[in-house]
Amino acid sequence: MSDGDLISELYAGCFRRLVVQLYAVTGDLTEAQEAVQEAFTRALVSPRRFAALENPEAWLRRVAVNWARSRYRRRRVLDGLLRRIGPPPAVADHSPEHLVLLAALRVLPEGQRHALALHYLVDLPVDEVAATLGVSSGTVKSRLSRGRVALAALLADTDTSDAPRTGTGTGTKCATDATETGRIDVRS
């Protein structure tokens, strides 16, 4: 029997049994399944050494229990740290204006959306936005300009009606094209 066949046979024969045992240890079925899967993953790393074990199921059980204990300790440390620093600040703003803005941002092309979010929401200067996105400062400035025009058109549409409209920006060479999918193609 090959090493892979041994692991497959063990998996078929003892996976459920190990999960039940770990469920008793962890009290969480998902956690127990993850621990047993991690044990089998570690067995696959060196199948010859695993096949040479006298009692492979006992080894799998020990690895799964140790993994679950380590994860529990890490989680306990993290929970303690989170209690010390307090609850996270409230970020979600559920005001209608905020929801409309987020919906409009989702419609913009990815480059414009990232540039607008980093510059106006995270307050990064243009040079830092460029470094973060891996583009030139000129590209960021262009995306910011086009994004503002497209965003203004989208937000103006929500003020007058729910349906997107096709039109040109005010006093710019920028044409917006709203399609049925809600994507806007902004061209200079």
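Residues numbered from 1 in each chain as written. Predicted model: local features only at pLDDT ≥ 70, side-chain atom pairs only at ≥ 80, totals over all residues. Heavy atoms only, no water.

Caption draft 1: Looking closely at the environment of S142. Structurally, S142 can be placed in helix α8 (residues 137–160). Expressed as a C-alpha distance, the spacing of S142 and A115, which sit 27 residues apart in the sequence, is 9.5 Å. (Helix = DSSP H or I, 4+ residues; strand = E, 2+ residues; numbered from the N terminus.)

Caption draft 2: Layout of the nonpolar core. Counting residues in hydrophobic clusters, the biggest one holds 21 residues, and the most contacted among them are L22, V36, F40 and L60. Those elements giving two or more residues to this core turn out to be α1 (3–26), α2 (29–45) and α4 (56–85). Here this core takes eight residues from α1, the largest share from any one element. With residues up to four places along the chain from it excluded, the contact list for V36 reads F15, L18, V19, L22 and A64. (Core = buried A, V, L, I, M, F, W, Y, C linked by side-chain atoms within 4.5 Å. Buried < 20%, exposed > 50% of the residue type's maximum accessible area, 1.4 Å probe, protein only. Contact = heavy atoms within 4.5 Å.)

Caption draft 3: Quick peek at a positive patch on the surface. Together, R69, R73, R74 and R76 give the surface a local cluster of positive charge. When you line up the elements, R69 lands in helix α4. (Patch = residues over 30% accessible without salt bridge, like charges linked within 9 Å, V, L, I, M, F, W, Y side chains within 5 Å. Areas by Shrake-Rupley, 256 points an atom, 1.4 Å probe, with all protein chains shown as cover. Salt bridge = Lys/Arg side-chain N within 4 Å of Asp/Glu carboxyl O. Lys, Arg positive; Asp, Glu negative; His and termini not counted. Charge placed at Lys NZ, Arg CZ, Asp CG, Glu CD.)

Caption draft 4: Region of the structure containing the packing of helix α6 (residues 110–121) against helix α7 (residues 126–133). Where α6 meets α7, the axes come as close as 9 Å, and the angle between the chain directions of the two elements is 135°. Judged by the inter-axis angle, α6 sits oblique to α7. The two elements α6 and α7 meet at a crossing, and its hand is right-handed. Residue-level contacts link H114, A115, L118 and H119 of α6 to V126, V129, T132 and L133 of α7. (Axes fitted to C-alpha atoms, helices over the stretch in contact; angles between N-to-C directions. Parallel < 35°, antiparallel > 145°, perpendicular 65-115°, else oblique. Left-handed = near helix turned anticlockwise from the far one by under 90°.)

Caption draft 5: View of the packing of aromatic side chains. By the definition in use, this model includes four aromatic pairs. Ring centres of Y11 and F40 lie 5.0 Å apart, and the angle between their planes is 75°; this geometry places the pair in the edge-to-face category. Taken together, the residues span a long stretch of sequence, with Y11 in helix α1 and F40 in helix α2 at a distance of 29 residues. Ring geometry for F50 against W59: centres 5.4 Å apart, planes inclined by 65°, an arrangement best described as edge-to-face. For F50, a relative accessible area of 2% corresponds to the buried category. By relative accessible area, W59 is classed as partly exposed at 21%. Among the aromatic residues, ring-to-ring pairing joins Y11, F15 and F40 into one connected group. (Phe/Tyr/Trp six-rings, centres within 6.5 Å; stacked < 30°, edge-to-face > 60°.)

So, to be careful, I would describe these as geometric facts and stop short of saying anything about function.
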